[in-house]
Amino acid sequence: MLGVRHYKGIAIDLFHGDITEFVCDGMVNAANEALAGGGGVDGAIHQAGGPIILEECRQIGSCATGSAVKTSAGNLPAKAVIHTVGPVWRGGQENEPKLLESCYYNSLKLGHELGFRHLAFPSISTGIYSFPVQQAAELTFQAMRSFIDEFSDKTTIKRITMVLFSRDDHNCYQDQMFQEFSEE
Ligand code: AR6
């Protein structure tokens, strides 16, 4: 069963699968600061989207950890890719939690500025960058709450989906989502 919650008129839900096949407006990518492409979800997004994405990344140049930038989506089923750079986990004492929250908050803000209705996120930083999944899931929904508290009355965003590649990650995010948002 797929979980869904509503908070101040915005749906928050989960999907178990490949984000490159997920239909949305803004598809968020877990990129690196050089916007150079890479492995994991970044590699999958560039592979499925085609070379236009890397061309535009080169024009932009770089993206600081915690920030977000936008490119076209090429062949992906989205209007744009929002590239954000998660922190590399170095034990938790180097501002990693705040930086991870900034990724979600700034990606949502960019999606809002672009007038999008539906954003899809992968589990940022929890693969190659080694951020512990449970803590990442807690921070994810806290960041969504902060964004919604600030923007719910003025944003076009109506739905935010976490797309989880593994069943274990899906279950972990579902538990945290149910803890953060009770049924309205
Ligand atoms: N759809 C959804 N989720 C996916 C997919 C997919 N197609 N492929 C992988 N994941 P990672 P990071 C999940 O490593 O930790 C890259 O080289 C994966 O199982 O992609 O932020 C970049 O260029 C995991 O749960 O991102 C950076 O250098 C989650 O996506 C670096 O990796 C994030 O794993 C970023 O590392």
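Residues numbered from 1 in each chain as written. Predicted model: local features only at pLDDT ≥ 70, side-chain atom pairs only at ≥ 80, totals over all residues. Heavy atoms only, no water.

Caption draft 1: Representation of the packing of aromatic side chains in the model. If you walk through the whole model with that rule in mind, you get eight aromatic pairs. Ring geometry for Tyr-104 versus Phe-121: centroids 4.9 Å apart, planes at 35°, classification tilted. With Tyr-104 in helix α3 (residues 96-113) and Phe-121 in strand β6 (residues 118-121), this residue pair connects regions lying 17 residues apart in the sequence. For the pair shown, Tyr-104 and Phe-121 are each scored as buried. Plain terms: the ring middles of Tyr-105 and Phe-147 are 6.2 Å apart, the flat faces sit at 75° to each other, and that makes the pair edge-to-face. Here Tyr-105, found in helix α3, pairs with Phe-147, found in helix α4 (residues 133-151); they are 42 residues apart in sequence, far enough to count as distant. Phe-147 carries the same exposure label as Tyr-105, and that label is buried. Clustering of aromatic rings is evident, with ring pairs tying together Tyr-7, Phe-141, Tyr-173 and Phe-181. Above the ring of Tyr-7, the side-chain terminus of Arg-145 is found at 4.7 Å from the ring centroid. (Phe/Tyr/Trp six-rings, centres within 6.5 Å; stacked < 30°, edge-to-face > 60°. Helix = DSSP H or I, 4+ residues; strand = E, 2+ residues; numbered from the N terminus. Buried < 20%, exposed > 50% of the residue type's maximum accessible area, 1.4 Å probe, protein only. Lys NZ or Arg CZ within 6 Å of the ring centre and 35° of its normal.)

Caption draft 2: Spatial organisation of α4. Helix length check: α4, at 19 residues, gives a terminal C-alpha distance of 27 Å against a target of 27 Å (1.5 Å per residue), a fit within 8%. Along α4, the positions that sit buried rather than exposed are Ala-136, Ala-137, Leu-139, Thr-140, Phe-141, Ala-143, Met-144, Phe-147, Ile-148 and Phe-151. (Expected span 1.5 Å × (residues − 1).)

Caption draft 3: Broad picture of the packing of helix α1 (residues 40-49) against helix α2 (residues 52-60). It is at 7 Å that the axes of α1 and α2 come closest, and there the two elements cross at 115°. Contacts from Ile-45, His-46 and Gly-49 in α1 reach Ile-52, Ile-53, Leu-54 and Cys-57 in α2. Its residues assigned to classes, the contact of α1 with α2 shows five nonpolar, two polar and no charged. (Axes fitted to C-alpha atoms, helices over the stretch in contact; angles between N-to-C directions. Contact = heavy atoms within 4.5 Å. Nonpolar A, V, L, I, M, F, W, Y, C, P; charged D, E, K, R; others polar.)

Caption draft 4: Region of the structure containing the layout of surface pockets. Roughly 560 Å³ of internal volume is contained in the largest pocket. As for the largest pocket, its lining consists of 26 residues, and the residues nearest its centre are Ala-30, Gly-40, Val-41, Asp-42 and Gly-127. When contributions to the lining of the largest pocket are tallied by element, the ones reaching two or more residues are β3 (26-31), α1 and β7 (159-164). The element best represented in the lining of the largest pocket is α1, accounting for four residues. By residue class, the composition of the lining of the largest pocket is twelve nonpolar, eleven polar and three charged. (1 Å grid on protein atoms, 1.4 Å probe; cavity = no way out; pocket = protein on both sides within 12 Å on 5 of 7 lines; lining within 4 Å. Points joined across faces, edges and corners; volume = space filled by probe spheres on them.)

Caption draft 5: Expanded view of the state of the cysteines. With the rule as written, the count across this model stands at zero disulfides. Distance from the sulfur of Cys-24, which forms no disulfide, to the nearest cysteine sulfur (Cys-57) is 16 Å. With no disulfide partner, Cys-57 has as its closest neighbouring cysteine sulfur the one in Cys-63, 9.2 Å distant. Overall, Cys-57 belongs to the buried group, its relative accessible area being 1%. (Disulfide = S-S within 2.5 Å.)

Caption draft 6: Representation of the pattern of salt bridges within the structure. This model, assessed by the stated rule, comprises seven salt bridges. Two residues, Lys-98 and Glu-101, come together in a salt bridge whose shortest N-O distance is 3.4 Å. Taken together, the residues Lys-98 and Glu-101, both in helix α3 and three residues apart, mark about one turn of the helix. Taking the relative accessible area as the measure of exposure, Glu-101 reaches 15% and is therefore buried. Put simply, Lys-109 and Glu-113 hold a salt bridge, and the shortest N to O gap is 3.7 Å. Taken together, the residues span about one helical turn, with Lys-109 and Glu-113 both in helix α3 at a distance of four residues. The exposed category is assigned to Glu-113, whose relative accessible area is 53%. (Salt bridge = Lys/Arg side-chain N within 4 Å of Asp/Glu carboxyl O.)

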